[in-house]
Amino acid sequence: MPAYFNLQGSFRKAPHSPSRDTTRQRIKFSDDRVCKSHLLNCCPHDVLSGTRMDLGECLKVHDLALRADYEIASKEQDFFFELDAMDHLQSFIADCDRRTEVSKKRLAETQEEISAEVAAKAERVHELNEEIGKLLAKVEQLGAEGNVEESQKVMDEVEKARAKKREAEEVYRNSMPASSFQQQKLRVCEVCSAYLGLHDNDRRLADHFGGKLHLGFIEIREKLEELKRVVAEKQEKRNQERLKRREEREREEREKLRRSRSHSKNPKRSRSREHRRHRSRSMSRERKRRTRSKSREKRHRHRSRSSSRSRSRSHQRSRHSSRDRSRERSKRRSSKERFRNQDLASRDRDRSPRDRDRKDKKRSYESANGRSEDRRSSEEREAGEI
């Protein structure tokens, strides 16, 4: 993969490498691999590029086309990328402030101890140097823009600041020995953590306060404050919307509760409804019972008819069979009696008249008793069969 070294000697990838081009084609601005600070034009890697504090290439994707896509889409939808950018800038500024504190402790250890009064006088000289440097940087900017009149007014302010500086230096010189005053007194810049000398000339001050490093840190700090304000406003707006939705839900719940209570307070309506429901249920049950009873009656009638028919048929059959049997028996008995009478008659012819009378009486008696017994047995049989 092609690479190059910048002027400060830091190793950086080539901005138009094939891998980055293919990555840009695949992802969208909402992807986690895209730098949200770059989309908001406040990434420290872009702002401090080319300075002595160049951070190199950002670990996330930077692409102007993705920034343009985000600017178009953010007009219709709020993606809330300001929170991610704010966290990124806060971590960067926190690192810068830690470096400033470390530099201050180092200067306090190396430089000679001075009293609080002398330190305040030296601080006054540093403040005037900072003011002169900022004014000179502004004069150069106005001159580059072609605004000559405004730049002349700023130069008048520079002369006034220089006069104040000479007075402050005189006061500071009188409060210290000549040997100590000749030593270079350094101060750490609160904005960019760079070292500033007490006896720096105007050109050096103008280069520092008008340089890209100092102005870049000013831009980053101002952008951080703006992001804090925007995030606070959006969070407040979201909290209000959330509170509004909660109030609407509570209002709907109260309305439902009120309706339920009103229904419960009107017992006549609820009773009538319950009565109608109970009535409809009872009617449906009664219909079902009627249909069931009708079907049962039909089945019972059909069964009773079929059983009665079968019983009558069996009874008639039994009666006819018993009659036929009795007739056969009577025929058999009559034939037997006839043969018996003929036999007796033939025997009587051969016997004496006395024996014949005796036998006639006996025969008449037996015949009478036999017929009565036959009648009883036939009647008993008929009764048993019935």
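Coordinates for the structure precede this section.
Everything quoted here is computed from the prediction, not taken from an experiment.

Student: Help me get a handle on the overall build of the protein chain, residues and values and all.
Tutor: Tallying secondary structure elements over the protein chain gives 12 helices and 4 strands in all. Going through the 386 residues of the protein chain one by one, you find that 27% of them count as buried. At a minimum sequence separation of 6, the contacts of the protein chain that also span at least 24 residues come to 68%. Summing over all exposed atoms, the protein chain offers an accessible surface of approximately 28,800 Å²; the carbon and sulfur share of this is 47%.

Student: Can you lay out helix α9 (residues 202-209) for me, pointing to particular residues and giving the numbers?
Tutor: Taken residue by residue, α9 has L205, A206, H208 and F209 as its buried positions. End-on view of α9: buried residues confined to an arc of 165°, all on one side of the axis.

Student: Now, about a positive patch on the surface: what can you tell me, with residues and values included?
Tutor: Side chains of R281, R285, K288, R289, R292, R296 and R299 sit close together on the surface and give a patch of like positive charge. Mapped onto the secondary structure, R296 falls in helix α11 (residues 267-350). Judged by its relative accessible area of 60%, R296 falls in the exposed class.

Student: Explain unusual backbone geometry to me, and be specific about the residues and the numbers.
Tutor: Among all residues save glycine, negative phi is the norm, and among peptide bonds the norm is trans. Phi is positive for N41, close to 60°, though the residue is something other than glycine. The residue N41 is located in the loop between α2 (36-39) and α3 (44-47) in this model. In this structure, F80 is a non-glycine residue whose phi angle is positive, near 60°. Considering the arrangement of structural elements, one finds F80 in the loop between α4 (64-73) and α5 (82-110).

Student: Report on the side chain of N129, specifying residues and quantitative values.
Tutor: Here N129 is to be found in helix α6 (residues 116-145). Judged by relative accessible area, N129 falls into the buried class, the value being 2%. Beyond its immediate stretch of four places on either side in the chain, N129 contacts K165, G197, L198, L205 and F209.

Student: Please set out a negative patch on the surface residue by residue, giving values where relevant.
Tutor: A contiguous patch of negative charge on the surface is contributed by E131, E149, E150, D156 and E157. The element that contributes the greatest number of residues to the negative patch is helix α7 (residues 148-174), accounting for 4 residues. Mapped onto the secondary structure, E150 falls in helix α7. Overall, the relative accessible area of 34% leaves E150 in the partly exposed class.

Student: Help me get a handle on the environment of I132, residues and values and all.
Tutor: Within the fold, I132 resides in helix α6. Separated by 71 residues in sequence, I132 and R203 place their C-alpha atoms 10.0 Å apart. Filtering out sequence-adjacent residues up to four positions away, I132 remains in contact with V158, A161, R162, K165 and D202.

Student: So what about the pattern of salt bridges? Which residues, and what values?
Tutor: Close approach of charged atoms lets side chains of opposite charge pair. Inspection of the entire model under this criterion finds 18 salt bridges. A salt bridge links D202 to R162; the nearest nitrogen and oxygen atoms lie 2.7 Å apart. Here D202, found in helix α9, pairs with R162, found in helix α7; they are 40 residues apart in sequence, far enough to count as distant. A relative accessible area of 22% means that D202 is categorised as partly exposed. According to the relative accessible area criterion, R162 is partly exposed, its value standing at 22%.

Student: Hey, could you go over the packing of aromatic side chains for me, with residue numbers and the actual values?
Tutor: In the structure shown here, the tally under the stated rule is 6 aromatic pairs. Measuring from ring centre to ring centre gives 5.3 Å for Y70 and F81, while their planes differ by 25°; the resulting arrangement is stacked. Highlighted residues: Y70 in helix α4 and F81 in the loop between α4 and α5, separated in sequence by 11 residues. Accessibility expressed as a relative area gives 6% for Y70, which makes it buried.

Student: With reference to specific residues and values, describe the nonpolar core.
Tutor: Residues L39, L48, L66, F217, I220 and L227 are the most contacted members of the largest nonpolar core, which totals 33 residues. Those residues in contact with L227 that sit more than four places away from it in its chain are L40, C42, E82, A85, M86 and L89. Listed in part, the 9 residues of the second largest apolar core include I132, L135, V154 and A206.

Student: Outline the state of the cysteines, supporting the account with residue identities and numerical values.
Tutor: Within the structure shown, the criterion is met by 0 disulfides. Of all cysteine sulfurs in the structure, the one in C189 sits closest to C192, which takes part in no disulfide; the separation is 3.7 Å.

Student: Break down the environment of F79 for me, citing the residues and quoting the values.
Tutor: Relative to the assigned elements, F79 resides in the loop between α4 and α5. Taking the C-alpha atoms as reference points, F79 and S30, separated by 49 residues in sequence, lie 8.4 Å from one another. Apart from the residues within four sequence positions on either side, F79 is in contact with F29, Y70, A73 and S74.

Procedures and definitions
- Residues numbered from 1 in each chain as written.
- Predicted model: local features only at pLDDT ≥ 70, side-chain atom pairs only at ≥ 80, totals over all residues.
- Heavy atoms only, no water.
- Helix = DSSP H or I, 4+ residues; strand = E, 2+ residues; numbered from the N terminus.
- Buried < 20%, exposed > 50% of the residue type's maximum accessible area, 1.4 Å probe, protein only.
- Contact = heavy atoms within 4.5 Å.
- Areas by Shrake-Rupley, 256 points an atom, 1.4 Å probe, with all protein chains shown as cover.
- Arc of directions from axis to C-beta.
- Patch = residues over 30% accessible without salt bridge, like charges linked within 9 Å, V, L, I, M, F, W, Y side chains within 5 Å.
- Salt bridge = Lys/Arg side-chain N within 4 Å of Asp/Glu carboxyl O.
- Lys, Arg positive; Asp, Glu negative; His and termini not counted.
- Charge placed at Lys NZ, Arg CZ, Asp CG, Glu CD.
- Phe/Tyr/Trp six-rings, centres within 6.5 Å; stacked < 30°, edge-to-face > 60°.
- Core = buried A, V, L, I, M, F, W, Y, C linked by side-chain atoms within 4.5 Å.
- Disulfide = S-S within 2.5 Å.

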